[in-house]
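# A closer look at the structure
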Amino acid sequence: MAKLLVIAEHRDGKLSEGTLELCRIAKEVAPGLGLEPAAAVFAKDDALAKEVANYIPEVFSVADGAVELYTADGYSQAIKAVVESQDVKGVLLAHTYDGVDLAGKVAMAIDAGIVSNCNKAEVDGGKLVLTRNIYNGKLQETKSIKTDKFVVSFEKGAYDPAESGAGGAVTAVSVSFGDIRTKVKEVIETSAGGVDITNARVIVGGGRGLKDGDKFKEVVISLAQKLGGEYAGSRPVIDSGWIEASRQVGQSGKTVAPDLYLALGVSGAVQHVAGMKGSKCIVAVNKDPEAPIFNIATYGIVGDLFEVIPAFSAKL
Ligand SMILES: Cc1cc2nc3c(=O)[nH]c(=O)nc-3n(C[C@H](O)[C@H](O)[C@H](O)COP(=O)(O)OP(=O)(O)OC[C@H]3O[C@@H](n4cnc5c(N)ncnc54)[C@H](O)[C@@H]3O)c2cc1C
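Residues numbered from 1 in each chain as written. Predicted model: local features only at pLDDT ≥ 70, side-chain atom pairs only at ≥ 80, totals over all residues. Heavy atoms only, no water.

Once that is clear, we can look at the overall build of the protein chain. Helix and strand counts for the protein chain come out as 9 helices and 16 strands. In terms of C-alpha radius of gyration, the protein chain reaches 21 Å, essentially the compact-globule figure of 20 Å for 316 residues. For the protein chain, the spread of C-alpha atoms along the principal axes amounts to about 65 × 45 × 35 Å. Pairs at least 24 residues apart make up 63% of the contacts formed inside the protein chain by residues separated by at least 6 positions. (Helix = DSSP H or I, 4+ residues; strand = E, 2+ residues; numbered from the N terminus. Rg over C-alpha atoms; globule rule 2.2 N^0.38 Å. Contact = heavy atoms within 4.5 Å.)

Let us look at the environment of Leu128. One can find Leu128 in strand 8 (residues 127-134). Taking relative accessible area as the criterion, Leu128 reaches 10% and is therefore assigned buried. Other than its neighbours up to four places away in sequence, Leu128 contacts Val29, Leu33, Ala121, Glu122, Lys143, Ser144, Ile145, Phe150 and Val152. (Buried < 20%, exposed > 50% of the residue type's maximum accessible area, 1.4 Å probe, protein only.)

A separate point is unusual backbone geometry. The phi dihedral of Asp87 is positive, around 55°, even though this residue is not glycine. Note that Asp87 resides in the loop between helix 3 (72-85) and strand 6 (88-94). Its identity as a non-glycine residue notwithstanding, Lys211 has a phi of 80°, on the positive side. Checked against the element boundaries, Lys211 lands in the loop between strand 12 (202-206) and helix 5 (213-227).

What follows deals with the environment of Lys14. With respect to the helices, strands and loops of the structure, Lys14 is situated in strand 3 (residues 14-15). Measuring from C-alpha to C-alpha, the distance between Lys14 and Glu51 comes to 9.8 Å, with 37 residues separating the pair along the chain.

Along its sequence, the protein chain is carved into domain 1 (3-172) and domain 2 (197-314). Placing a centre on the C-alpha atoms of domain 1 and another on those of domain 2 gives a separation of 32 Å. Domain 1 puts 8 residues into the contact, and the matching count from domain 2 is 9 residues. Inspection of the domain 1/domain 2 interface yields 2 salt bridges. The salt bridge involving Arg201 is made with Glu17; its shortest N-O contact spans 2.7 Å. If you look at where domain 1 meets domain 2, you find 2 residue pairs in polar contact (both at pLDDT 80 or more). (Domains from an automatic or database assignment. Salt bridge = Lys/Arg side-chain N within 4 Å of Asp/Glu carboxyl O. Polar contact = N/O pair within 3.5 Å; in protein donor to acceptor, adjacent residues only side chain to side chain.)

Counting residues in each nonpolar core, the largest one holds 37 residues, and the members touching the most others are Val52, Leu92, Leu130, Val152 and Phe154. Listing elements by their share of this core, those giving two or more residues are strand 1 (3-7), helix 1 (17-29), strand 4 (36-43), helix 2 (47-52), strand 6, strand 7 (113-124), strand 8 and strand 10 (150-154). Element by element, the count of residues in this core is highest for helix 1, at 6 residues. Contacts of Val152, omitting those with residues within four sequence positions, involve Val91, Leu92, Leu93, Val115, Cys118, Leu128, Leu130 and Ile145. By size, the runner-up hydrophobic cluster in this structure holds 27 residues, among which are Ala72, Ile79, Val106 and Val151. (Core = buried A, V, L, I, M, F, W, Y, C linked by side-chain atoms within 4.5 Å.)

What follows is the structure in structure tokens.
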């Protein structure tokens, strides 16, 4: 049977959570499309392929120094080889920096239609129907693909990770690589020892309503620490230098989807909301009852955050 193929992402020997989310999507939609769910892992050896086999029934492993680190040339050649040798109809990618770099190139290489940055996949009459946000999340559109082959990328956090226990098989695939025109010389962390807020289950997000960096620390950072979560901020908070840029949430920052997002003194501008509206529970504290953040909040508290949060913290 033809395959629906997840492309695994990893760094420093660790799989990304997005990979496991893609495994869930593949397992959910493949049967309705008459396809079998599978994954491909490109790495220096097959250790990660064995790990992915816990989440999906079949894994193709390209173990080669040429794909030890991501390059668009190396990955697109490896994907093309797997697509051609294993009868793959659909390729699923995470909509990350690497995924954005890769998706169009893969679609060209395998002559496929492409829909990027989706947050939902359904099957209707044997066809894949994809939903994605447009206009900074103000509207949603649905799309389907007319071509025989397809490439789809998904935004992080749109689905829960697949459960383990698939007991999948690992098949080695050898690829004769052609020219790889880029070379990764060094991988530099943006902030040494910094955290990736996209993996946090609890995020306390602060906005301009915090007034200054000291109050941000006092209220937002200490609450995040008490809750065992991470802190983040809106763009003015980053622009004012209150916290590091890697913690910006929104259109020009990170997209997060934690279990709990506390929005304190954040107005809810579309550019901020675009990065956090996938959160499972949103609690907003704002003194303005008309603040747009209340349109998407699960729970809203109209009040002065400098009174509400100390009272809340005292109860924790
Ligand atoms: C191209 C582009 C990209 C952008 N990308 C991003 C992005 O990635 N992320 C992002 O966040 N923004 C982004 N922005 C900026 C965005 O448009 C907003 O300006 C920004 O999100 C507003 O941040 P804020 O909510 O912290 O501040 P404000 O809009 O100033 O809101 C502050 C809020 O705090 C409330 N408040 C004040 N005092 C208190 C108090 N004591 N108690 C409770 N509430 C209080 C106020 O009522 C107000 O609602 C972008 C803009 C553009 C044009």
